[in-house]
Amino acid sequence: AITSPTASQQITNVNAPLTVSITGQGYHHWHYRLDSDFPTSGPAGGSMVMSGTSATLTGLTSGTHTVHVALVDAAHGLLSPSATHSVTFTVALPGPVITTQPVSQIVSIGKTVNLSVTATGSGLSYQWSRNGVDLQNETAATYTIPSFVLDYEGAYKVKVTNSTGSVYSDNALL
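Residues numbered from 1 in each chain as written. Predicted model: local features only at pLDDT ≥ 70, side-chain atom pairs only at ≥ 80, totals over all residues. Heavy atoms only, no water.

Observations regarding the environment of Gly 132
Here's step 1: You can see Gly 132 is positioned in the loop between strand S12 (125-130) and strand S13 (133-134).
Here's step 2: For Gly 132, a relative accessible area of 65% gives the class exposed.
Here's step 3: In the structure, Gly 132 is positioned 22 residues away from Gly 154 in sequence and 9.6 Å away in space, judged by C-alpha atoms. (Helix = DSSP H or I, 4+ residues; strand = E, 2+ residues; numbered from the N terminus. Buried < 20%, exposed > 50% of the residue type's maximum accessible area, 1.4 Å probe, protein only.)

A look at the nonpolar core
Here's step 1: The biggest cluster of nonpolar side chains holds 17 residues, and the ones touching the most others in it are Val 113, Leu 115, Trp 128, Tyr 143, Ile 145, Tyr 156 and Leu 174.
Here's step 2: Looking at this core, the elements with two or more residues in it are strand S10 (113-116), S12, strand S14 (142-145) and strand S15 (155-162).
Here's step 3: Broken down by element, the residue count for this core peaks at three residues, all from S15.
Here's step 4: If you look at the next biggest cluster of nonpolar residues, it comprises 15 residues, including Trp 30, Leu 57, Val 69 and Val 91. (Core = buried A, V, L, I, M, F, W, Y, C linked by side-chain atoms within 4.5 Å.)

Things to note about the side chain of His 65
Here's step 1: For His 65, the position within the fold is in strand S7 (residues 63-73).
Here's step 2: Given the relative accessible area of 7%, His 65 is considered buried.
Here's step 3: A distance of 2.7 Å separates the side chain of His 65 from the side chain of Asp 35, its partner in a polar contact.
Here's step 4: Filtering out sequence-adjacent residues up to four positions away, His 65 remains in contact with Leu 34, Asp 35, Leu 60, Val 87, Thr 88, Phe 89 and Val 91. (Polar contact = N/O pair within 3.5 Å; in protein donor to acceptor, adjacent residues only side chain to side chain. Contact = heavy atoms within 4.5 Å.)

What to know about the environment of Asp 134
Here's step 1: Take Asp 134: it is sitting in strand S13.
Here's step 2: In the structure, Asp 134 is positioned 24 residues away from Val 158 in sequence and 8.9 Å away in space, judged by C-alpha atoms.
Here's step 3: Beyond its immediate chain neighbours, meaning those up to four positions away, Asp 134 contacts Gln 127, Trp 128 and Ser 129.

So this is what it looks like as structure tokens:
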């Protein structure tokens, strides 16, 4: 039986432990598949795990997933249809959270300006803007102006996005 994750468990990470309890006699290993059922006959396919160990489901995305587990006889490598189990669980990855906001600055002409943001969450992407207009190709956590001129004055902010949502930073005035 699959002991983790459970149907009532809500996963909040892109990786989740997969634990299976096997009872019975003999030497066995098991295979698992995420969101793809096993064939009705023939080789099990999927990922093999030795009995008594666990695996990690990786690269999970938000939504509903089903993990299928099948006990496989190690001597023959044949799928045992009577020893399959599935559990459906939900992944709710947290949206991005800004932990350090960009800071307003008084800047001298010709000086280098660095604006940065720190955020938590998985799979983050960034888009800087000035006065509400996206800055082309400025998609890192730090935005640098190598030599400040008056034309660069304005309100800068960054949009932080992942598969769950987006959040805007506070404005940083230059």
